[in-house]
Amino acid sequence: SKMDGRGTWRFFEPAMDASLQSRRALELDLREAMDKDEFDLFYQPIYDLQMDRISGFEALLRWPHPKRGLVPPDQFIPIAEDIGLITLLGEWVLNRACEQAASWPSELKIAVNVSATQIRDPRFAEVIANALDASKLDPQRLELEITESVLLGNSAETIATLHKLKAHGLRIALDDFGTGYSSLSYLRSFPFDKLKIDQSFVRDAIATKGSKLIVRAITGLGKSLGITTTAEGVETIEQLNQIQAEGCNEAQGFLFSRPVPATEIAPTILSLRNG
Ligand code: C2E
Ligand code: CA
Ligand code: CA
Ligand code: CA
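All values reported here derive from a predicted model rather than from experimental measurement.

Visitor: Looking at this structure, I do not really get the coordination of the calcium ion (ligand 2). What am I missing?
Guide: Each donor-metal-donor angle in an ideal tetrahedron of four donors is 109.5 degrees, and each such angle in an ideal octahedron of six donors is either 90 or 180 degrees. The calcium ion (ligand 2) binds to the protein through Glu58 (OE), Asn113 (OD1), Glu145 (OE) and Asp175 (OD), with metal-donor distances spanning 2.1 to 2.3 Å. Sequence positions of the donors to the calcium ion (ligand 2) reduce to the motif E-x54-N-x31-E-x29-D. In this structure, the calcium ion (ligand 2) lies 4.0 Å away from the calcium ion (ligand 3), the two metals sharing Asp175 as a donor. Taken as a pair, Glu145 in strand S7 (residues 142-146) and Asp175 in strand S8 (residues 171-177) lie far apart in primary sequence, 30 residues in all. With a relative accessible area of 1%, Glu145 lands in the buried category.

Visitor: What is the right way to read the site of ligand 1 from this model?
Guide: For ligand 1, the set of nearby residues contains 21 residues, the closest of which are Gln44, Arg62, Gln199, Glu235 and Phe254. In this structure, Gln44 approaches ligand 1 through a side-chain N or O atom, which is 3.0 Å from a nitrogen atom. Contact distances for ligand 1 include 3.0 Å between an oxygen atom and a side-chain N or O atom of Asp175. For ligand 1, whose free accessible area comes to 800 Å², the fraction covered by protein is 83%. When atom positions are compared with the pocket grids, ligand 1 is found to occupy the largest pocket. Every element with two or more residues in the shell around ligand 1 is listed here: strand S4 (53-65), helix H2 (73-82) and S8. It is S4 that contributes the most residues to the shell around ligand 1, four residues altogether. Tallied by class, the residues present in the shell around ligand 1 amount to eight nonpolar, six polar and seven charged.

Visitor: Help me understand the coordination of the calcium ion (ligand 4) in this model?
Guide: For the calcium ion (ligand 4), the full set of protein donor atoms is Asp176 (OD) and Asp176 (OD), at a range of 3.0 Å. A separation of 3.8 Å is found between the calcium ion (ligand 4) and the calcium ion (ligand 3), both of which receive a donor from Asp176. Note on placement: Asp176 falls in strand S8.

Visitor: Looking at this model, I keep getting lost on the packing of helix H3 (residues 86-101) against helix H5 (residues 124-135). Mind explaining?
Guide: Two measures define how a pair of helices packs: the angle their axes make with one another and the distance between the axes. Where H3 contacts H5, the axes come no closer than 8 Å and their chain directions differ by 30 degrees. Between H3 and H5, the angle is such that the two are roughly parallel. The element H3 and its partner H5 pack so that their crossing is right-handed. Counting all contacts with H3, which are made through Glu91, Leu94, Asn95, Cys98 and Glu99, the residues of H5 involved are Phe124, Val127, Ile128, Ala131, Leu132 and Ser135. Per-class residue counts for the contact of H3 with H5 are seven nonpolar, two polar and two charged.

Visitor: Looking at this structure, I do not really get helix H10 (residues 209-225). What am I missing?
Guide: Residues separated by three or four positions in an α-helix point in the same direction, a consequence of the helix having 3.6 residues per turn. End to end, H10 covers 24 Å across 17 residues, agreeing with the expected 24 Å (1.5 Å per residue, within 8%). Ser211, Val215, Ile218, Thr219 and Gly222 are the residues of H10 that are buried. All buried residues of H10 lie within an arc of 95 degrees about the axis, which places them on one face of the element. Summarising the geometry of H10, the exposed residues directed more than 90 degrees from the buried face are Lys209, Lys223 and Ser224. In this fold, the buried residues of H10 make contact with S8, strand S9 (194-197), helix H9 (199-204), strand S10 (228-231) and helix H11 (237-246). Backbone geometry just after H10 places Gly226 at a positive phi near 70 degrees.

The rules behind these values
Residues numbered from 1 in each chain as written. Chains lettered and ligands numbered in written order. Predicted model: local features only at pLDDT ≥ 70, side-chain atom pairs only at ≥ 80, totals over all residues. Heavy atoms only, no water. Donors = N, O, S within 2.8 Å, 3.2 Å for Na, K, Ca; no water. Helix = DSSP H or I, 4+ residues; strand = E, 2+ residues; numbered from the N terminus. Buried < 20%, exposed > 50% of the residue type's maximum accessible area, 1.4 Å probe, protein only. Near = heavy atom within 4 Å. Polar contact = N/O pair within 3.5 Å; in protein donor to acceptor, adjacent residues only side chain to side chain. Areas by Shrake-Rupley, 256 points an atom, 1.4 Å probe, with all protein chains shown as cover. 1 Å grid on protein atoms, 1.4 Å probe; cavity = no way out; pocket = protein on both sides within 12 Å on 5 of 7 lines; lining within 4 Å. Sits in = over half its atoms within 2 Å of the grid points. Nonpolar A, V, L, I, M, F, W, Y, C, P; charged D, E, K, R; others polar. Axes fitted to C-alpha atoms, helices over the stretch in contact; angles between N-to-C directions. Parallel < 35°, antiparallel > 145°, perpendicular 65-115°, else oblique. Left-handed = near helix turned anticlockwise from the far one by under 90°. Contact = heavy atoms within 4.5 Å. Expected span 1.5 Å × (residues − 1). Arc of directions from axis to C-beta.

Written out as structure tokens, the structure is:
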């Protein structure tokens, strides 16, 4: 800032201005990308450690931007939420993921991330029903991954929606488990099928005693509640050995495979067969 002629302060904040501008540009691009169908889904295998085989894939949204390159979901999903585009985008994801999974061997599940705003949309149950109808995918093969933010405020309506979906055979996973607030109370409000242990704990489970104990506690919790536990972000053999020793049911991470495009699903299944 500097003094102007009349003795008052004028503030020049070019950095803030630039970031506001680039945010606006990104918003416009997002809307355009939606119109032009520019999004893509990648798929990361989830490995069943007991059965020693892939149990399914998680769908992960990708935005190959014509000029910016690949924009990571952490950068554009929050914006899509803000500008009210997430409902439409989420619907696209559900349709595409179900359609894709319907062509896979029937023992493979598909996990789809759904945001809080999406679930609160009154049309959500209908969107799911439509995606299942159109793809003819068995509802038992569809798993929704939600974060604690969905349950924040313990909305009776949201819980009712989740119960309804579960009654139709869908599975519900609690994502990033351990990173939110008062996680344990959520386990009382809703009967989850799966807890996904956040990758921050998995990453530190070798070096840090605290993280190792958290992985152990979550796995034990899952066992006593009869809920599947999945370790996210497994990158090394040491981490795999560790989470296996703790009794995690499933693992997911770069050690097995990075998220791959739909065309690489068959080769990924082959490369992970028996080992
Ligand atoms: P998430 O649901 O926790 O997904 C796991 C993220 O960890 C993915 O990042 C995945 O690529 C990454 N990952 C997997 N294995 C490893 C590993 O071994 N090491 C490391 N460092 N990372 C690993 P991605 O694809 O960038 O997605 C980030 C987040 O964006 C997701 O976190 C999810 O919250 C959100 N997201 C992605 N797709 C969708 C979607 O279709 N809808 C919604 N609502 N959110 C989505
Ligand atoms: Ca997830
Ligand atoms: Ca996660
Ligand atoms: Ca995450």
